[in-house]
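# Structural description and commentary
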Amino acid sequence: VVARDATGDVAVGLYRRHDNQNVVDIPHCQVLSPTLMMLVSELRELANEPPPELAPLLTTGDDEDGVLMGLDARELRDPSEEGDGAQVLLTLILSADKAQGVDELREAARALRKRLPKISGLAVNLRYPSRQQSSSELVSLSGVSEAKDAVAAGYQLVSHTSFLHVHRGQADQLYTLLSDIVAGGVKKAEGDSRGKVLDLYGGTGAIALSLARLGFSATLVESYPPA
């Protein structure tokens, strides 16, 4: 969540407990990677006093013309690149009632990506507080809308709305642990070298793909297309 705190500075963090008005700034989050921490820090600084070319995206919601309500940043590692090839898919959550037109937002998005080249794709989630049914709308503004993200020896395709573990180390350990459990307990079918796995609510397919690479026959089920 992005908002001005009691001192007037921009806070990027979470709402206080039992309070959906005041935001606790989290400048040193223990979960975010260094890449994401640096990006969020730069966005916080820019949002404090947005340059004119970035104002359509980074003017905070507490200001009279404020539009920025929150952000979603996801770090991706291209499997074809060695070393620190991390890129970020960034989604800015804007108040649809205050947001400028798409052309102005696209121009601001290009300027922001030029300033922060780690952002490989930038989209906005327009929030409509007055609507009952469709409360938000995702609009891709600049760069890629999906990208490859390394998982073990392979990769998954990730978009602005895909489920993604924020802590990459946690995700790697989870997939390794799950593979060990399945390998030890799966019931092998006749003719299968490793057995069959049914992955429900499969998301990007990271789990099913990890198991398939180990030789399992994996069937993935997912009904949400953006995943």
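Residues numbered from 1 in each chain as written. Predicted model: local features only at pLDDT ≥ 70, side-chain atom pairs only at ≥ 80, totals over all residues. Heavy atoms only, no water.

## Observations concerning a nonpolar patch on the surface
Selection criterion: Here the term patch refers to residues with relative accessible area over 30% and no salt bridge, with like charges joined within 9 Å and nonpolar side chains (Val, Leu, Ile, Met, Phe, Trp, Tyr) within 5 Å. Here, Shrake-Rupley sampling with a 1.4 Å probe gives the accessible areas, and only protein chains in the shown set may cover a residue. One side-chain nitrogen of Lys or Arg within 4 Å of one carboxyl oxygen of Asp or Glu is enough to make a salt bridge. Only DSSP runs of H or I with at least four residues qualify as helices, and only runs of E with at least two residues qualify as strands; both kinds are numbered from the N terminus onward.
Taken together, the side chains of Leu-198, Leu-200, Tyr-201 and Val-221 make up a nonpolar region of the molecular surface, amounting to roughly 480 Å² of accessible area. Position of Leu-200 among the secondary structure elements: in strand 10 (residues 196–200).

## Comments concerning the side chain of Gln-156
Selection criterion: Whether two residues touch is decided by their heavy atoms; if any such pair falls within 4.5 Å, the residues are in contact.
Within the element layout of this structure, Gln-156 appears in strand 9 (residues 154–159). Every residue in contact with Gln-156, bar those within four places of it in the chain, is listed here: Ala-147, Lys-148, Asp-149, Val-151, Leu-164, Thr-204 and Ala-206.

## Side note on the sheet that holds strand 7 (residues 136–143)
Where we set the bar: Pairing between strands is defined by DSSP: at least two bridges between the two strands are required. Only the stretch in contact is used when a helix axis is fitted, and all axes are lines through C-alpha atoms; the angle between N-to-C directions ranges over 0 to 180 degrees.
Pairing is mixed in the open sheet, where 4 strands are placed in the order 4-5-6-7. Every interior strand has two partners, whereas the edge strands, strand 4 (68–77) and strand 7, have only one. Across the sheet, the axes of successive neighbouring strands diverge by a mean angle of 20 degrees, strand direction being ignored. Bridging between strand 6 (residues 119–127) and strand 7 involves 7 bridges; their strand directions are antiparallel. Across the sheet, residue Leu-122 finds its bridge partner in strand 7, namely Ser-142. Against the sheet, helix 3 (residues 102–115) engages strand 5 (86–95), strand 6 and strand 7, with an angle of about 50 degrees to strand 7.

## Topic: the pattern of salt bridges
Note the following rule: Exposure classes here rest on a 1.4 Å probe applied to the protein chains alone. A residue is buried below 20% of its type maximum, exposed above 50%, and partly exposed in between.
Considering all chains together, one arrives at 4 salt bridges under this definition. Between Glu-53 and Arg-115 there is a salt bridge; the shortest N-O distance is 3.2 Å. Of the two residues, Glu-53 is situated in the loop between helix 1 (34–48) and helix 2 (55–58) and Arg-115 in helix 3; the sequence distance between them amounts to 62 residues. Measuring nitrogen to oxygen at the nearest pair gives 2.9 Å for the salt bridge that ties Glu-75 to Arg-77. In this structure Arg-77 comes out as partly exposed when scored by relative accessible area, which is 28%.

## Some thoughts on the pairing of strand 6
Rules: When the strands point away from the viewer, a crossover counts as right-handed if the route from the first strand across the helix to the second turns clockwise.
Buried residues dominate strand 6, accounting for 8 of its 9 residues. Relative to strand 6, strand 5 is paired through 8 bridges, and the arrangement is parallel. Bridging across to strand 6, Leu-90 finds its partner in Leu-122. The handedness of the strand 5 to strand 6 crossover, carried by helix 3, is right-handed.

## A few points about the nonpolar core
This is how the line gets drawn: Within this scheme, the nonpolar core is defined by two criteria: the residues are buried Ala, Val, Leu, Ile, Met, Phe, Trp, Tyr or Cys, and they are joined through side-chain atoms within 4.5 Å.
Formed by 32 residues in total, the largest nonpolar core has its most connected members in Leu-57, Leu-58, Leu-92, Leu-94, Leu-112 and Val-124. Listing elements by their share of this core, those giving two or more residues are strand 2 (10–15), helix 1, helix 2, strand 4, strand 5, helix 3, strand 6 and strand 7. Here the element with the most residues in this core is helix 1; it accounts for 6 residues. In this structure Leu-92 touches Leu-57, Leu-58, Leu-68, Gly-70, Leu-71, Leu-112, Leu-122, Ala-123, Val-124 and Asn-125, once residues within four positions along its chain are discounted. Among the nonpolar cores identified, the runner-up in size contains 5 residues, and Leu-89, Ala-147, Val-158 and Leu-164 belong to it.

## Considering the side chain of Arg-44
Here Arg-44 shows up in helix 1. Among the residues examined, Arg-44 registers a relative accessible area of 11% and is labelled buried. Sequence-distant contacts of Arg-44, defined by excluding residues within four places in its chain, comprise Val-10, Val-12, Asp-25, Ile-26 and Pro-27.

## Let's talk about the packing of aromatic side chains
In plain terms, the rule: Side-chain rings of Phe, Tyr and Trp (the six-membered ring for Trp) are treated as a pair once their centres are within 6.5 Å; stacked means planes under 30 degrees apart, edge-to-face means over 60, and tilted covers the remaining angles. Placement of a positive charge over a ring is assigned whenever Lys NZ or Arg CZ falls within 6 Å of the ring centre and within 35 degrees of the normal to the ring plane.
A full pass over the atoms with the stated rule returns 0 aromatic pairs. When the ring centre of Tyr-155 is taken as reference, the NZ or CZ atom of Lys-148 above it lies at 4.6 Å.

## Brief notes about unusual backbone geometry
Of note in this structure, His-18 is not a glycine but carries a positive phi near 60 degrees. If you trace the backbone, His-18 turns up in the loop between strand 2 and strand 3 (23–25). With relative accessibility at 80%, the residue His-18 sits in the exposed group. Although it is not a glycine, Tyr-201 sits at a positive phi angle of roughly 55 degrees. The residue Tyr-201 is located in the loop between strand 10 and helix 5 (206–213) in this model. Look at Tyr-201 and you get exposed, because its relative accessible area is 77%.

## Quick look at the sheet that holds strand 2
Spatially, 1-2-3 is the arrangement adopted by the 3 strands of the open sheet, whose pairing is antiparallel. Where the open sheet ends on each side, the last strands, each with one partner, are strand 1 (2–4) and strand 3. Ignoring strand direction, the axes of neighbouring strands in this sheet form an average angle of 60 degrees. Note: strand 1 against strand 2, 3 bridges, orientation antiparallel. Counted as the bridge partner of Ala-3 is Ala-11 from strand 2. Across the sheet, helix 1 touches strand 1, strand 2 and strand 3, and the angle it forms with strand 2 is around 125 degrees.

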